[in-house]
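Chain and residue survey
Take a look at the letters that make up each chain.
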Amino acid sequence: MTNAPQSFIPVAEPDIGELEEQYLLKAFRSGWISSLGEYVNRFETSFAGFCGADYGVAVANGTVALHLALLAAKVGPGDEVIVPPLTFVATAAAVKHVGATPVFVDCEPGIGTIDPHAIESAITSRTRCIVPVHLYGHPADMDPIMALANKHGLVVIEDAAEAHGAKYKGRKVGGIGHMGIFSFYGNKLITTGEGGMVVTGNPDFAARIQLLRDHAMDPARRYWHEEVGFNFRMTNLQAAIGCAQLERFDEIVAQRQRVLDTYREAFVEAGEIVVNPALSWAEPVPWLVCALLPGRFAGAQRDVLMARLRAEAIDSRPYFNMLCDMPPYRNGADDNPRSYPVARDLAMRGLNLPSSTALDRETIFHIAKLFRQAMAEAER
Ligand SMILES: Cc1ncc(COP(=O)(O)O)c(C=O)c1O
């Protein structure tokens with residue numbers, strides 16, 4: 001290709017700059033490079049405030065944030081937790097880590113978040129918790145989920161790992177449920193390299209998570225442990241980067257939005273491709289560019305298109321695989337290839353295209369053109 005970019009284009013790259021370097025150096029030079037230091041508290045307070053929550057507890061990653069939130073909700077062996085089948089594995093893995101069983105409920109068309117109207121029939125006497133996932137930056141329909149949780153006495157933990165700053169009917173995600181969790185992995189909208197946070201309005205949940213994060217050491221008696229805890233702490237170095245990223249949140253989101261809008265423009269002629277659909281009540285954030293292909297490109301055909309991009313040094317990734325199909329998460333009766341048809345359809349037709357803030361208009365049009373060519377070739 002003549003105007004093909006020279007180097008590999010990944011799906012997501014962190015947007016880190018001078019402010020991150022400045023804060024990181026300050027933390028580094030202070031000597032507070034482990035999990036004590038001013039930036040951890042500052043990041044917790046500022047990120048909780050950003051979500052409209054009273055408390056933030058910074059942890060090592062989003063997976064352990066979920067793990068601790070489930071423990072704080074007293075979820076354990078024999079319990080069931082309702083989750084969507086189309087999500088990153090961590091949502092269900094954390095449920096397994098606490099000894100409980102993930103129970104899958106199908107998703108909403110187009111956006112792939114859990115279908116609140118399908119939840120009630122999955123609630124049993126063992127259900128303790130619902131974990132809606134704000135998938136690919138789009139919020140789940142929280143009002144009916146909270147109503148169901150109140151009716152049945154369940155705890156709602158929002159998995160907002162992919163949706164920092166997204167709004168549901170004007171409210172930021174993470175601060176709507178009883179707890180919300182976030183990931184700050186390097187491909188997220190804002191990153192600390194590895195990192196996570198639980199936000200909550202409930203002081204008991206916050207205290208419990210703080211305790212378990214730090215070896216369950218008795219706050220009143222050093223090196224005394226009434227129970228088994230974890231070392232799930234975030235370092236001051238990571239939190240320093242997080243503080244800078246949060247200050248730059250609007251700037252980063254504006255750039256990602258520009259990238260998304262440019263794809264929409266570039267795909268306008270390929271009307272069959274739906275880019276980041278959104279429901280009327282949602283204010284999603286542009287985490288990854290999500291392209292939903294027409295049905296004839298589902299599954300293996302989609303993988304052919306992705307291989308064509310890869311041959312031109314352009315990365316893309318398929319939507320998540322259905323968790324209910326994987327050995328650790330198979331649930332007996334659910335274990336059939338026709339289960340959860342809405343989520344399954346999206347899993348087969350969806351892919352993520354390069355989404356980094358560094359992408360310029362020319363490169364995005366180049367990717368879109370290659371993609372359309374690959375679709376035309378596949379149909380010949
Ligand atoms: C929906 C979802 N939940 C949880 C996680 C876990 O976060 P982490 O990778 O920081 O452990 C991720 C992501 O990476 C995710 O996408």
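To be clear, the structure that these remarks concern was listed above.
Residues numbered from 1 in each chain as written. Predicted model: local features only at pLDDT ≥ 70, side-chain atom pairs only at ≥ 80, totals over all residues. Heavy atoms only, no water.

1. Details of the site of the ligand
Close to the ligand lie 14 residues; Thr63, Asp159, Glu162, Ser183 and Lys188 are nearest. Taking Glu162, its side chain carries an N or O atom lying 2.6 Å from an oxygen atom of the ligand. When the ligand sits alone it has 380 Å² of accessible area, and the protein chains cover 93% of it. Among the elements of the structure, α3 (62-72) and α4 (90-97) are those that each provide at least two residues to the shell around the ligand. Of the residues belonging to the shell around the ligand, the class tally is 4 nonpolar, 7 polar and 3 charged. (Near = heavy atom within 4 Å. Polar contact = N/O pair within 3.5 Å; in protein donor to acceptor, adjacent residues only side chain to side chain. Areas by Shrake-Rupley, 256 points an atom, 1.4 Å probe, with all protein chains shown as cover. Helix = DSSP H or I, 4+ residues; strand = E, 2+ residues; numbered from the N terminus. Nonpolar A, V, L, I, M, F, W, Y, C, P; charged D, E, K, R; others polar.)

2. With respect to the sheet that holds strand β11 (residues 282-283)
Taken in spatial order, the 3 strands of this open sheet run β7-β6-β11, and their pairing is antiparallel. Of all the strands in the sheet, just β7 (171-172) and β11 have a single pairing partner and so form its edges. Both strand β6 (residues 167-168) and β7 contribute to a ladder of 2 bridges, which runs antiparallel. Bridge pairing in β7 links Tyr168 to Arg171. (Pairing = 2+ DSSP bridges.)

3. Examining the pairing of strand β12 (residues 289-292)
Side-chain alternation along β12 places Val289 and Ala291 on one buried face and Cys290 and Leu292 on a second face that is also buried. Relative to β12, strand β10 (residues 274-275) is paired through 2 bridges, and the arrangement is antiparallel. Bridge pairing links Val274 to Leu292 in β12. Here β12 runs beside strand β14 (residues 350-353); their pairing, made up of 4 bridges, is antiparallel. Pairing of Ala291 across the sheet is with Leu351, part of β14. (Buried < 20%, exposed > 50% of the residue type's maximum accessible area, 1.4 Å probe, protein only.)

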